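# An overview of the molecular structure
Listed here are the chains, written in short residue letters.
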Amino acid sequence: KKTKDQLIIDAGQKHFGATVCKSCGMIYTASNPEDEMQHVQHHHRFLEGIKYVGWKKERVVAEFWDGKIVLVLPHDPSFAIKKVEDVQELVDNELGFQQVVPKCPNKIKTFLFISDEKRVVGCLIAEPIKQAFRVLSEPAGPGSPTSTECSRAWQCSNVPEPAVCGISRIWVFRLKRRKRIARRLVDTLRNCFMFGCFLSTDEIAFSDPTPDGKLFATKYCNT
Ligand code: ACO
Ligand code: ZN
């Protein structure tokens, strides 16, 4: 199987036929059947979302008027794990992330937000951590950069602080954004991560956030 790395390197060399799909953003080699197949799959999922039929004994950890949140654990039946893998693949393709290999695969908790139309419209992947580096707040004042300026690097403290739970991925289907789905996923995570306690925002950390992720995290942690 071709790695994402190779796809990106090939993209710089026009004669390999690298194409960027204008709808789904994926870079692929049109002349390579395997690539093309991967693209068709990603393209479809990107536009349509991922279907969710459900299974017996699914772990519903929250219910809302517009959907529900299901928790999937590493030793769940293979069809549950397969669903999580499909979602993760879509998210990784969209974010252009290298697949991350978790330190403790059997401690991963995955939360899926399922819409009323039976689609996976949100996903949060969390793992236990021991420490995190706090993002330093920006100096406010006239002339200081606004929070909409996304390209700047975050400044992080170099003093590690204890933390409990790391959010390695959070993602909401593009047509369902700004409907508080991410917020509800994090609320549910704080409630379910450790039995019998509600984690404070100091105890959770977002790893490597994207610009969207930062805007959300900043807002979430201050309200
Ligand atoms: N721009 C500005 N503010 C934002 C944004 C944004 N793009 N997204 C969220 N917020 C703030 C808003 O204040 C919002 O409240 P409001 O809508 O009442 O103003 C508040 O956060 C809560 O937002 P939600 O509706 O709960 O967030 P949403 O469900 O839209 O999901 C997410 C946010 C997950 C970042 C989504 O935009 C997304 O999937 N983006 C693409 C994937 C991505 O970049 N994920 C983060 C990767 S980093 C990581 O995984 C650790
Ligand atoms: Zn496409």
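Notes on the structure in this doc start here. (Residues numbered from 1 in each chain as written. Chains lettered and ligands numbered in written order. Predicted model: local features only at pLDDT ≥ 70, side-chain atom pairs only at ≥ 80, totals over all residues. Heavy atoms only, no water.)

Turning next to the site of ligand 1. Among the 22 residues in the neighbourhood of ligand 1, the closest are listed as Ile170, Val172, Arg178, Arg180 and Thr210. Backbone polar atom of Val172 to an oxygen atom of ligand 1: 2.7 Å apart, as the coordinates give it. Between ligand 1 and Ala182, the relevant distance is 3.0 Å, taken from an oxygen atom to a main-chain nitrogen or oxygen of the residue. Contact with the protein chains covers 86% of the free accessible surface of ligand 1, which is 960 Å². Judged by its atoms lying within 2 Å of the grid points, ligand 1 is housed in the second largest pocket. If you list the elements that add at least two residues to the shell around ligand 1, you get strand S10 (165–172), helix H4 (181–192) and helix H5 (211–221). Residue contributions to the shell around ligand 1 peak at 6 residues, all from S10. The residue inventory of the shell around ligand 1, partitioned by class, reads 10 nonpolar, 4 polar and 8 charged. (Near = heavy atom within 4 Å. Polar contact = N/O pair within 3.5 Å; in protein donor to acceptor, adjacent residues only side chain to side chain. Areas by Shrake-Rupley, 256 points an atom, 1.4 Å probe, with all protein chains shown as cover. 1 Å grid on protein atoms, 1.4 Å probe; cavity = no way out; pocket = protein on both sides within 12 Å on 5 of 7 lines; lining within 4 Å. Sits in = over half its atoms within 2 Å of the grid points. Helix = DSSP H or I, 4+ residues; strand = E, 2+ residues; numbered from the N terminus. Nonpolar A, V, L, I, M, F, W, Y, C, P; charged D, E, K, R; others polar.)

As a further point, take the pattern of salt bridges. A side chain with one charge may pair with a side chain of the opposite charge, provided their charged atoms come close. Taken as a whole and judged by the stated rule, the model has 9 salt bridges. Between Arg45 and Asp86 there is a salt bridge whose closest N-O contact spans 3.3 Å. Taken together, the residues Arg45 in helix H2 (residues 33–48) and Asp86 in helix H3 (residues 78–95) connect sequence positions 41 residues apart. Residue Glu89 pairs with Arg45 through a salt bridge whose shortest N-O separation is 3.8 Å. (Salt bridge = Lys/Arg side-chain N within 4 Å of Asp/Glu carboxyl O.)

Taken together, the protein donors to the zinc ion (ligand 2) comprise Cys21 (SG), Cys24 (SG), His39 (NE2) and His43 (ND1), at separations of 1.9 to 2.3 Å. Given a relative accessible area of 10%, Cys21 falls into the buried group. (Donors = N, O, S within 2.8 Å, 3.2 Å for Na, K, Ca; no water. Buried < 20%, exposed > 50% of the residue type's maximum accessible area, 1.4 Å probe, protein only.)

In this structure the tally under the stated criterion is 6 aromatic pairs. Between Tyr52 and Trp55 the ring centres are 5.2 Å apart and the planes differ by 55 degrees, which places this aromatic pair in the tilted class. Look at Tyr52 and you get buried, because its relative accessible area is 2%. Among the aromatic residues, those joined into a cluster by ring pairs are Tyr52, Trp55 and Phe79. (Phe/Tyr/Trp six-rings, centres within 6.5 Å; stacked < 30°, edge-to-face > 60°.)

Inspection of the secondary structure puts Arg169 in strand S10. Overall, the relative accessible area of 6% leaves Arg169 in the buried class. At 2.8 Å, the side chain of Arg169 and the side chain of Asp92 are in polar contact.

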